[in-house]
Every structure is written in C-alpha cells, then in structure tokens.
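# Structure at a glance
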Amino acid sequence: MNNSTESPFFRTTGTVALKWHGSSLELLDQRLLPTKEHWITFRDASGVAQSIRDMMVRGAPAIGISAAYGVALAARHAGAGSWKADITQAIGELSASRPTAVNLFWALQRMQKVFHECNLPGEAQERLADEAVAIHEEDLAGNLAMADYALEAMRLSSSASHLTPVSVLTHCNTGALATGGYGTALGVIRRLYEQKLLTQVYVDETRPWLQGSRLTAWELMRDDIPVTLNADGAAAAILATGKVSWIIVGADRIAANGDVANKIGTYSLAVLARYHNVGFMVVAPSSTVDMSLKTGTEIPIEERDGTEVQEIRGVPLAPEGVCVFNPVFDVTPANLIDVIVTEKGVVQKPSAKSMQYLFG
Ligand code: MRU
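Residues numbered from 1 in each chain as written. Predicted model: local features only at pLDDT ≥ 70, side-chain atom pairs only at ≥ 80, totals over all residues. Heavy atoms only, no water.

If you roll a probe as big as a water molecule over the atoms, it shows you where there is empty space left. In this structure the tally under the stated criterion is one cavity of 30 Å³ or more. Surrounding the largest cavity, 23 residues form its lining, Arg58, Gly59, Ala60, Asn173 and Asp252 being those nearest its centre. Tallying contributions element by element places helix α2 (residues 60-76) first for the lining of the largest cavity, with three residues. In this structure, the lining of the largest cavity is formed jointly by two domains, domain 1 (8-138) and domain 2 (146-359), each of which donates at least three residues. (1 Å grid on protein atoms, 1.4 Å probe; cavity = no way out; pocket = protein on both sides within 12 Å on 5 of 7 lines; lining within 4 Å. Points joined across faces, edges and corners; volume = space filled by probe spheres on them. Helix = DSSP H or I, 4+ residues; strand = E, 2+ residues; numbered from the N terminus. Domains from an automatic or database assignment.)

Given below as structure tokens:
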C-alpha cells in the first residue's frame, strides 16, 4: 500500500477499521468498541463474509472494501486447478453477507470484472489485490473530496461569503471506522473542525446497535472534536433549541430519484429537520448510488435478529419472548433532503432529473 505523501492514506486520522497485509486482512472488531480494541486476522473470504454479516466490520464503504479484500484473499489462497471456481464461490458468499449497502455489490462487480480478464492464477492473485487496494484508496480520496464539496454547499446555502461556526447533528457512524479512513458525513464534520467551523456535534446514540455512542463518540473524542451524545428521542428537543444548523448523515443506497436508504432513524431526522427549518445533508461516495432502482421503495431493507433490540451484550432489556420488528435501515424520501454530496459533485434538492444529470 502506498504511504507516500501523494497517497490519500497520508491524510488518515489515525483511526482505521481495516489493515491489508498482502496475504491477510486485519479487521478491528467493532462489536467490542469502545471498551476493547481487538484486531482479528482473516486469510480467507469466508471469514471476511462472516465478519460483514456479524458486523465486526460495518458501514457501507468499509463493507465494500472488506469484500474486495476478501476476493483478493480467495485468489491468494485458491487451488492451482480450482482457482476460477474458488474465486467465483468467494464472490457469491461475500455478496450474500448483507443486502442493503450497494457498495458491497459495486465492489464485487469491480473485482469480478478484473477476475474475468485474468487467464492465470498468478495474474488473478496480483491483479485482484491491486484492484482491492485501488478501491480502498479511491474511497479515502473520495471522502476528502466530499468534505470540500460539502463545505462549499453549506456556504452557498447560507448565502454568505464565508461560513461561520455551526453545530451539527449526526446519526450512526460514518467515520474512519465505516470507510477507507476519513469518513463521509463524519468526514465533513472533521473538515469543519479542521477549519475551526465547528461548535458542537450532537450524536444520536443510534439504537439498537449503538453505532453513535459506541463508535462515533469514540472516534470524535480520539480527535478532540467536541461531541455531545444524546438518546435518539432527544433529537427533536435539540433541534427545537435552534442551536443546530445542519443534520449530516451517510447513506447505504441512493435510488435514481434521490431517495436515500440509511440507518434506521434517519427518516425521522429528515422529518424533524424540515419542521425545524434545519438543513439536511446526505454525504456518500458515488459507489452508494444505484441508478438501476427508480425509487427508494425498491431498496432491499435488511431486518436483523430481534435479540439486537431485546438485549444488549446478552443482558435482557425486554420481556422474554416479546415480538420484535428490527429493520436496520429506512428510506428518506428525496423531497426531505436538501443536498446530496458525492465525490463527483453535489445534487441540490435531489430529484430524478438532478440525479440523472450527475450520475446518468
Ligand atoms: O448497519 P451499519 O452500521 O452498517 O449501518 C451504517 C450506516 O447506516 C451508515 O450511515 C452508512 O453505511 C454510511 S457509512 C459511511
């Protein structure tokens, strides 16, 4: 991996979710944060698929990057006579790991394209590893570009010549832990902080998996970024104080009309933002855009096991046997979104037409 000052890795924050070593992939077990920093080494695609399913690694871009490294591992350890079947099987297994984040399928398609161009196992080994590293590096570079675009979009919407410090609210974890190493929505928040334009970040705890309290608060505190943690239900009261100018969130899949699937609770925030006249910004790489789906109703929404709501780390929080509904994403309609920021540019007031203009 290129660590020169030319490489986007030069701009990392110090927090990373994954480390590629050429013949193995190390993942930070995000299930144990913030109390334990425990790294696990994987040498095969099955282990990587399992780690995505179990949310050891999570966040749309990080899922795609990990899956790409999973394919590289499959090539590295494939049998001499069965390398094509082994890699095909690995791609199938990885693609079944989680359904909503389209970055997973986007990354696997890129890997598949390279794989189909390879004629020999050694060639596949080398080229698939290079492609996975490229996906990782491009994601990080994209994060940095999005932060620039987002600040410009905020300045334009304030119709002032320059930005003044703001407080923002965010949901889930969209930071270095969820991406190639800087963050999408959290990358914008980092950039505001770097430019002394951030007063306070309010972070929803993000029930039931607590990505906000366990991961985002941890990431921000490591970098001394001023963070206040709140229960999800407190967001309305925070917006009612008038202190927050923007809600900034990530995305798992964006449909052709600008509807956005993101962590459960995002839709409620968009409704609250409109009521309180607060800006609502979605920040995601173009690999999150799925122009094959006309609207958000077509986005597959993952439902996870009810135990995620019934208990925390094995401690029961609800009566035994209670019926649970646990969709882990929701869809925010495009008309509640002020701006979608990608590394390709910005879509103001997203619609089928404005999305087509940038991504068609
Ligand atoms: O279930 P998770 O933790 O994978 O969900 C993560 C989110 O919903 C993020 O907001 C999204 O993936 C964007 S991460 C840059």
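Structure's up, so let's keep going.
In this section: the environment of Phe359. With respect to the secondary-structure elements, Phe359 resides in helix α11 (residues 352-359). Phe359 sits 15 residues away from Lys344 along the chain, and the two C-alpha atoms are 8.5 Å apart. With residues near it in sequence (within four places) discarded, Phe359 still touches Ser286, Val289, Met291, Thr342, Lys344 and Val347. (Contact = heavy atoms within 4.5 Å.)

What follows covers the domain arrangement of the protein chain. For the protein chain, the assigned domains are domain 1 (8-138) and domain 2 (146-359). The centre of domain 1, based on its C-alpha atoms, is set 25 Å off from the matching centre of domain 2. With 34 residues of domain 1 at the contact, the number on the domain 2 side is 37 residues. Roughly 2800 Å² of surface becomes buried between domain 1 and domain 2 when both sides are summed, with 52% attributable to carbon and sulfur atoms. At the junction of domain 1 and domain 2, the tally comes to two salt bridges. A salt bridge links Glu37 to Arg222, with the nearest nitrogen and oxygen atoms 3.6 Å apart. (Buried area = accessible area lost by both parts, 1.4 Å probe. Salt bridge = Lys/Arg side-chain N within 4 Å of Asp/Glu carboxyl O.)

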